[in-house]
Amino acid sequence: ERLRMGKHAPPEERFAEKIDFTATPGCWSWTAWLDRDGYGFMTVRSGDGWRKVRAHRFSYEYFKEPILKGFTIDHVCRNRRFVNPQHLEAVTPHENSLRGDTVIARNVAKTRCPKGHLYDLFTSSGRKCRRCHNERSRLRYHRIKGKHHSLVS
């Protein structure tokens, strides 16, 4: 039997060669190239040439199913280097950003205003604490009323 090596081996064999299955129990750690964002990548034959694909996307599509248009792959374990398909999930970009450590996710997770009151007022400009919102409105009303009163006198 002919020994296949390098780019001539099938992509699934090349993929498996680049995984450390023992680094973290249950996780598959990518040991080859990482892109500037920290994701593993590999090259696969595409038509007459080659193209780069992210390793976690290759894993998801090879072991699970094609990635639907408009979906991205979320690393449930939060580690971009890991490629275990059981730790990958196809989600919308919005859902992915809410699951991550992002400004959006941190703000959505907040339930109280800086003074400790519950966010219980929802307006077109976002969530607010009714107590602080009412206090600001009262102060603005009295400031405007005071200016108007001094103009009339």
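Our structure is the block above this text.
Numbering of residues starts from 1 in every chain and runs along the sequence as written. Where local features are concerned, this predicted model is filtered to residues with pLDDT of at least 70; where side-chain atom pairs are given and counted, the filter is 80 or more; whole-chain, interface and lining totals use all residues. Side-chain calculation: all heavy atoms of the structure are included, whereas hydrogens and water are not.

(A) Quick look at the overall build of the chain. A count of helical and extended segments in the chain gives five helices and eight strands. By definition, any uninterrupted DSSP run of H or I lasting at least four residues is a helix, any uninterrupted run of E lasting at least two residues is a strand, and each is numbered from the N terminus. Seen in sequence order, the chain has helices and strands lined up from the N terminus as α-β-β-β-β-α-β-β-α-α-β-β-α. Taken against the 2.2 N^0.38 rule, which gives 15 Å for 153 residues, the C-alpha radius of gyration of the chain at 26 Å runs more than 25% over that of a compact globule. Each of the three principal axes of the chain carries a C-alpha extent, and together these read 100 × 35 × 25 Å. In these tables, accessible area is a Shrake-Rupley quantity obtained with a 1.4 Å probe, and a residue counts as shielded only by the protein chains included in the view. Looking at the chain as shown, the accessible area adds up to about 11300 Å², and 54% of this sits on carbon and sulfur atoms. A positive count includes Lys and Arg, and a negative count includes Asp and Glu. His and the chain ends are not counted in either. Each charge is placed at NZ for Lys, CZ for Arg, CG for Asp and CD for Glu. Here the chain holds 31 positive side-chain charges and 16 negative ones, and the gap between their average locations is 15 Å. Each radius of gyration is computed over the set of C-alpha atoms, and the globule rule expresses the reference value as 2.2 Å times the number of residues to the power 0.38.

(B) Seen up close, the pattern of salt bridges. A pair is scored as a salt bridge if a Lys or Arg side-chain nitrogen falls within 4 Å of a carboxyl oxygen belonging to Asp or Glu. This model, assessed by the stated rule, comprises eight salt bridges. For D74, the salt bridge is made with R78, and the minimal N-O distance between the two is 3.0 Å. Burial classification: accessible surface area is computed with a 1.4 Å probe over protein chains only, and a residue below 20% of its type maximum counts as buried, one above 50% as exposed, and the rest as partly exposed. Residue classification places D74 among the buried residues on the basis of a relative accessible area of 2%.

(C) Molecular detail of the nonpolar core. Of all hydrophobic cores here, the largest spans 10 residues; its members are F15, I19, W28, W30, M42, V44, V53, A55, F58 and V83. At the level of elements, β3 (41-46) and α2 (55-63) are the ones that each hand at least two residues to this core. Grouping buried Ala, Val, Leu, Ile, Met, Phe, Trp, Tyr and Cys residues that are joined through side-chain atoms within 4.5 Å yields what is termed a nonpolar core.

(D) Broad picture of the packing of aromatic side chains. Only Phe, Tyr and Trp rings take part, Trp by its six-membered ring, and two of them pair if their centres are within 6.5 Å. Stacked means planes under 30 degrees apart, edge-to-face means over 60, and tilted covers everything else. If you walk through the whole model with that rule in mind, you get seven aromatic pairs. A ring pair is formed by F15 and F63, whose centres lie 6.3 Å apart and whose planes are at 55°; its orientation type is tilted. Of the two residues, F15 is situated in helix α1 (residues 11-17) and F63 in helix α2; the sequence distance between them amounts to 48 residues. According to the relative accessible area criterion, F63 is partly exposed, its value standing at 42%. Seen from their ring centres, Y62 and F63 are 4.9 Å apart, and the 90° between their planes marks the pair as edge-to-face. Chaining the aromatic ring pairs together yields one cluster made of F15, F21, W28, W30, F58, Y62 and F63.

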